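Examination of the molecular architecture
Each chain, letter by letter, is given below.
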Amino acid sequence: MARRFRFRLEQVLRLRKQVEELRIRELAQAQGELLKIEDSLRAHSEEEKAFLERYGEFEKIGAFNADDAMAYCQYKDWLLRREKELRRREKEWMKEVERRRQAVVKASRDRRLLENLREKQFRAHAQEVLSEEQRFLDEISSIAFVRRARALQLADVHENLGR
């Protein structure tokens, strides 16, 4: 009976699969953070556009005093700082997404390397089992051939004796 295929590095392969899945989840998490920041940037842009439109209307009707102008300047500065902060965070998360994507690629490559090794060893094992089966069948055939030849010889001897 042929022995069962056993890949000695199966535990390592399972570990590499788990690491790859973890890296994929980390990448998805980073992409989620990046999407949140991009949504915040869009909302910020809309908020800034609405503010500038309101300011333009106040400016047209001349309903500005010094306090309103100061409040406008402070709010505009705050909007600029907020946009800079969001852009900075966006760049950081873009770098983080790329770093995590590279980690996923590396983990995937490591896993595929072991899977390819396992497949190669499995094919070698299958070929060895096939060879063993062929040798067994050849042996059975040769034994049957020898038995038939002996049986024929014995039949000839009995026939010759009977004459």
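Quick note: structure is the one above.
The following refers to the structure shown. Remember, it's a predicted structure, so these values are computed and weren't measured experimentally. (Residues numbered from 1 in each chain as written. Predicted model: local features only at pLDDT ≥ 70, side-chain atom pairs only at ≥ 80, totals over all residues. Heavy atoms only, no water.)

**Concerning the nonpolar core**
Put simply, the rule is: Among buried residues, the Ala, Val, Leu, Ile, Met, Phe, Trp, Tyr and Cys ones that are joined through side-chain atoms within 4.5 Å form a nonpolar core. Summary of the burial criterion: residues with accessible area below 20% of their type's maximum are buried, those above 50% are exposed, and those between are partly exposed, where the area comes from a 1.4 Å probe applied to protein chains only. Strands are runs of DSSP state E lasting at least 2 residues, helices are runs of H or I lasting at least 4, and numbering of each runs from the N terminus.
By size, the foremost hydrophobic cluster in this structure holds 5 residues: Leu27, Ala30, Leu34, Val97 and Val104. At the level of elements, α1 (10–61) and α2 (66–162) are the ones that each hand at least two residues to this core. Among the elements that line this core, the one with the most residues is α1, at 3 residues.

**A few points about the packing of aromatic side chains**
Operational definition: Geometry of aromatic contacts follows a simple scheme: Phe, Tyr and Trp rings, the Trp one being its six-membered ring, pair when their centres are within 6.5 Å, and the pair is stacked under 30 degrees between planes, edge-to-face over 60, tilted otherwise.
Counted by the stated rule, this structure contains 5 aromatic pairs. A centroid spacing of 5.2 Å and a plane angle of 85 degrees characterise the contact between phenylalanine 5 and phenylalanine 122, whose relative ring orientation is edge-to-face. Here phenylalanine 122 lies in helix α2 and phenylalanine 5 lies in the segment before α1, a separation of 117 residues in the sequence. Using a relative accessible area of 22% as the deciding quantity, one classes phenylalanine 5 as partly exposed. What makes phenylalanine 122 partly exposed here is its relative accessible area of 41%. An aromatic cluster of at least three residues, connected via ring pairs, comprises Phe51, Tyr55, Tyr72, Tyr75 and Trp78.

**Quick notes on the pattern of salt bridges**
What counts is decided by this rule: A pair is scored as a salt bridge if a Lys or Arg side-chain nitrogen falls within 4 Å of a carboxyl oxygen belonging to Asp or Glu.
Evaluated as defined, the whole model comprises 18 salt bridges. The partner of arginine 23 in a salt bridge is glutamate 26, with the nearest N and O atoms 3.3 Å apart. With arginine 23 and glutamate 26 both in helix α1 and 3 residues apart, this pair spans about one turn of that helix. Take glutamate 26: its relative accessible area is 26%, and that puts it in the partly exposed class. The shortest N-O distance in the salt bridge between lysine 36 and glutamate 33 comes to 3.5 Å. Taken together, the residues lysine 36 and glutamate 33, both in helix α1 and 3 residues apart, mark about one turn of the helix.

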